[in-house]
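Residues per chain are reported as follows:
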Amino acid sequence: MSTYVQGLTAILIVVISIIFTLWPSRQSRIRNQGYGDVRVSKLLVHPIKSCRGTSVPFANYTPAGLENDRKWSIVDPIKKKVLTAREYPQMVLISPKIVMDDRLPHKGYLEISFPKASGCETFTIPLEPSAEVLRNWEILDDLNMWDKPIDGYICEALDPTVCSSPSEVISRFLGIPVKLVVKGPTPRPCSPTPAFPQLSATHVFQDGYPLLILSQESVQAVEDQTREYVGVSGVEEKWKNDEIAVERFRPNIVFSGGGPFCEDDWEEITIQSQEAASLSQSPPRFSVVSKCSRCLLPNVSPETGIPDKAVPFKVLAKFRIGVDPLNKYKPCLGDNACPLGNGVVRVGDIVRVTKLAPLVGKK
């Protein structure tokens, strides 16, 4: 065989190998509405509303959201109001830890700790208090959240010898009288959206909907834009190098692989494991019901509890206003979603886009 033929054969082998290497990903992009290989990259559960979240490798979910997410809340017992880190940014420094164990009473416990310098003691409360336990807890059935009624049981400590009152400990930390409550029995319906006028879903202490989804690339795009605005609109020099943590935005399911703001265009997705996908099992579906308009809460550092004067809100206002026709003057990032059943979501799971939002073209 001549040297020319040998060289040509080698080139053909390389070309064919490249084609076969790229073919699966190309087919994946075609099947996935043009978004390619999108995966769950992080899962975050926030047991107590506005307090520190926990990154988990997997989470059970129901139509009301991830298990134990925003199941508890801190409330003002005088104003009958649910409190958030918008008003009390130090709330993000309260660290709830979920310990699940079916062998234990109440199927486990929630351990709540505070910064060491605060002098506040760690305590535990039942993870799933029984009906018998709840009968002995005081219920606040006249609370309000976003001008809508909501109820909650005032939590008591698992071990009264360690902590006589969880609410008193949190009150000392925040410097105001508060109560720690777990969601009461009254269902809290979600508001319909233009895309889902017949929406039938409930949630607990989440702002408006059971889940918040967000792509990692969207957060990276916000960080990139922040670098461009250093020295403008109060964006400090530190943001030349500081990273914007996805935890600032308090999502539940974070994706990677779809590109910046991919979630803007989604109306329905499925999430399932590689194994389930290979067995052609019917994947659980999630409705993407609305965009998430942003307030100043993401300005609060999850590490220090100190609000930044500009980042990310003022940066988002530069290029993410007008994204949602219903909130034309509010910057949006991430989307609200509702699971259409029960299941388990894991880091690494495959995300398929099964329906695009109306009048939205492919990426």
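Before any of the text, the structure's been laid out above.
Scope of this entry: the structure provided in the associated data block. Sequence order as written defines residue numbering, which begins from 1 separately in each chain. Where totals are concerned, whole chains, interfaces and linings use all residues; where local detail is concerned, this predicted model gives features only for residues with pLDDT of at least 70, and gives and counts side-chain atom pairs only at 80 or more. Here the side-chain values reflect all heavy atoms present in the structure, with hydrogen atoms and water set aside.

Some words on the overall build of the protein
This is how it is decided: Runs of H or I in DSSP of at least four residues are treated as helices and runs of E of at least two as strands, each being numbered from the N terminus. For every residue, the accessible area obtained with a 1.4 Å probe (protein chains only) is divided by the maximum for its type, and the residue is called buried under 20%, exposed over 50%, and partly exposed between those limits. Reported accessibility uses the Shrake-Rupley method at a 1.4 Å probe radius. Residues are deemed covered only where the shown protein chains occlude them. Neither His nor the chain ends contribute to the count of charged residues, in which Lys and Arg are positive and Asp and Glu negative. The location of each charge is read from NZ of Lys, CZ of Arg, CG of Asp or CD of Glu.
Looking only at helices and strands, the protein has 6 helices and 21 strands in total. Overall, the protein is about 90 × 50 × 45 Å in size when its C-alpha atoms are taken along their principal axes. Classification of the 363 residues of the protein by burial places 47% in the buried group. In the structure as shown, the protein presents an accessible area of about 18000 Å², 56% of it carried by carbon and sulfur atoms. Across the protein, the mean location of the 42 positive side-chain charges is 4 Å away from that of the 40 negative side-chain charges.

Focus: unusual backbone geometry
Residue Val311 is joined to Pro312 through a cis peptide bond whose omega torsion reads 0°. Its identity is not glycine, yet Asn68 carries a phi of approximately 70°, on the positive side. When you line up the elements, Asn68 lands in the loop between strand 4 (65–66) and strand 5 (72–76). With a relative accessible area of 6%, Asn68 lands in the buried category. Of note in this structure, Lys107 is not a glycine but carries a positive phi near 60°. Considering the arrangement of structural elements, one finds Lys107 in the loop between strand 7 (95–100) and strand 8 (108–113). A residue is classified by how much of its surface remains accessible, and Lys107, at 43% relative accessible area, is partly exposed.

As for the pattern of salt bridges
Keep this limit in mind: Each salt bridge in this description consists of a side-chain nitrogen of Lys or Arg and a carboxyl oxygen of Asp or Glu lying within 4 Å of one another.
With the rule as written, the count across this model stands at 15 salt bridges. Ionic pairing is found between Glu268 and Arg285, a salt bridge with its closest N-O pair at 3.0 Å. Taken as a pair, Glu268 in strand 17 (residues 266–272) and Arg285 in strand 18 (residues 285–293) lie far apart in primary sequence, 17 residues in all. By sharing partners, the salt bridges in this structure join Lys49, Arg86 and Asp207 into a single network.

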